[in-house]
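Secondary and tertiary structure notes
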Amino acid sequence: MLLGAVADDFTGASDLANTLARGGMATMQFVGAGTGAAPAGCEAGVVALKTRSIAPAEAVRQSLDAARWLLAQGCEQIIFKYCSTFDSTPEGNIGPVAEALLDLLGTGVAVVCPVFPAAGRRLFMGHLFVGDRLLSESGMEKHPLTPMTDPDIRRWLRRQTRGEVGHVPLDTVRAGGAALAAAIDAEAAAARRLVVTDAVADQDLLAIGAAVAGHRLVTGGSGIALGLPQNFRAKGRLSGEPMTLPAVHGPAIVLCGSCSSASQAQVAAYRADRPGLAVDPAELMDGRMTLGRAVEWVRSHAGEAPIVYSTAAPDAVREAQKQFGREAVAAAIETFFGDLARTVAEDGMKRIVVGGGETSGAVVEALGLRSLQIGSEIAPGVPALVTERGGPLGLALKSGNFGGADFFAKAVGQVGTA
Ligand SMILES: Nc1ncnc2c1ncn2[C@@H]1O[C@H](COP(=O)(O)OP(=O)(O)OP(=O)(O)O)[C@@H](O)[C@H]1O
Ligand SMILES: O=C(O)[C@@H](O)C(=O)CO
């Protein structure tokens, strides 16, 4: 393995794995730090953690474990992947994890670049935009766990770090490789080890990728990886052999626990011609909706690629959270989707499409998956995935806000065939 990544959530991990695979590296996604050796032929390994919203000390511990495992596999460079909307609180976990990784790797500098132009995330003068809105006016300021109320990533990150934070503006990013590398080095020389680096287009990310070829640590959204495979290719280090993926055949199901506006539109579009079971949190909490009921419903629609979803509008989500407590309702829904996925997989479902990062984490953990191979891109940031579980199982793990309205139908058709 040449390149290793520690991702702070599951859908984010497949987003990054997608970029690396499309960049020509033989890439695998691992669920948590591995214990043994990675499969031969794997050039890039992305470890998916669920550390975005946990206590900073625990996020640091798990991230260091994952990085140590990747280093033991031979990785020469480590990517720390966080959300393209920089999801974090004033306490962390981006700053504490990034500083701990700098220390582990014994290196003096790393860029900080959440930019992902294909999803509308751009950074200019240290300020993060989502589409044409500043981050803090994009809806992310209302996020239930990590409200992003400050679009100045330098200032927001500095609240989380021990050291000062540096910055390289877009003009310098575009001034050529030598100027960019010198600017990053100057920040390092001034003891600003984490350097927020502007970028608004893929070309900027490619320039940054080339400039950090020798860096031990790179941090960002999946866009920061756009230029990294080329660094290894230029040195003749890539085999150019794509990993062969087994074909997936069998019935499909869609599970959506994401309530983002994109997911709401996607569920509505899919429901227009597929059977759907809406899971009401109140019914789940008081026992009117049970795993058994849902399984019976799925069995009666197996072969029709049904969807089971808890997706609801913000008012309904707020109401359920007020009534039962945010964490209790989230835990009940996540457990439900995890148990449902495991049961229907045992029944013979071979294609499982999941909406939502936390929901994806719950499903992947309930299925007991350890590693996933990366297939074709379904939408920017979302690849088809294949794993082995009593035969090939096809999956897609969609970040809440990713994909067009037809995402679920597309995903069902792309992760395998009936
Ligand atoms: N109807 C609902 N009411 C309250 N909470 C819900 C409801 N439906 C789902 N949830 C919870 O909301 C959370 C949704 O998070 P999840 O990460 O799956 O989606 P997301 O935030 O849209 O995706 P991402 O993290 O990829 O952006 C989960 O914890 C889920 O259990
Ligand atoms: O970077 C992104 O936006 C996604 O990969 C993600 O991490 C969403 O949870």
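About the cut-offs
Residues numbered from 1 in each chain as written. Chains lettered and ligands numbered in written order. Predicted model: local features only at pLDDT ≥ 70, side-chain atom pairs only at ≥ 80, totals over all residues. Heavy atoms only, no water. 1 Å grid on protein atoms, 1.4 Å probe; cavity = no way out; pocket = protein on both sides within 12 Å on 5 of 7 lines; lining within 4 Å. Points joined across faces, edges and corners; volume = space filled by probe spheres on them. Helix = DSSP H or I, 4+ residues; strand = E, 2+ residues; numbered from the N terminus. Nonpolar A, V, L, I, M, F, W, Y, C, P; charged D, E, K, R; others polar. Domains from an automatic or database assignment. UniProt positions renumbered as here; feature names shortened; annotations may be inferred. Near = heavy atom within 4 Å. Polar contact = N/O pair within 3.5 Å; in protein donor to acceptor, adjacent residues only side chain to side chain. Areas by Shrake-Rupley, 256 points an atom, 1.4 Å probe, with all protein chains shown as cover.

**Let's talk about the layout of surface pockets**
Roughly 230 Å³ of internal volume is contained in the second largest pocket. Taken together, 14 residues make up the lining of the second largest pocket; nearest its centre are Thr19, Arg22, Phe116, Leu226 and Glu377. Broken down by element, the residue count for the lining of the second largest pocket peaks at four residues, all from helix H1 (residues 10–22). Within the lining of the second largest pocket, the residues separate by chemical class into four nonpolar, six polar and four charged. Residues from two domains meet in the lining of the second largest pocket; each of domain 1 (3–233) and domain 2 (252–414) gives at least three.

**Some thoughts on the UniProt feature "domain: Four-carbon acid sugar kinase N-terminal" (unreviewed entry) in the chain**
With numbering matched to this structure, UniProt assigns "domain: Four-carbon acid sugar kinase N-terminal" (unreviewed entry) to residues 3–227. Segment residues 3–227 splits into 33% helix and 20% strand. End C-alpha atoms: 12 Å apart.

**Side note on empty space enclosed by the protein**
The tally for this structure, following the rule as stated, stands at one cavity of 30 Å³ or more. Its volume calculated, the largest cavity comes out at about 60 Å³. Lining the largest cavity are 13 residues, with Asp8, Thr51, Phe80, Asn93 and Val97 positioned closest to its centre. Looking at the lining of the largest cavity residue by residue, the classes come out as seven nonpolar, three polar and three charged.

**Describing the site of ligand 2**
As a structural note, the neighbourhood of ligand 2 is formed by Asp9, Thr11, Gly12, Asp15, Arg52, Lys81, Tyr82, Cys83, Ser84, Ser399 and Phe402. In this structure, Asp15 approaches ligand 2 through a side-chain N or O atom, which is 2.6 Å from an oxygen atom. Separating an oxygen atom of ligand 2 from a side-chain N or O atom of Lys81 is a distance of 3.0 Å. Coverage of ligand 2 by the protein amounts to 93% of the 270 Å² it exposes when considered alone. Here the element with the most residues in the shell around ligand 2 is H1; it accounts for three residues. Among the residues making up the shell around ligand 2, the classes are represented as three nonpolar, four polar and four charged.

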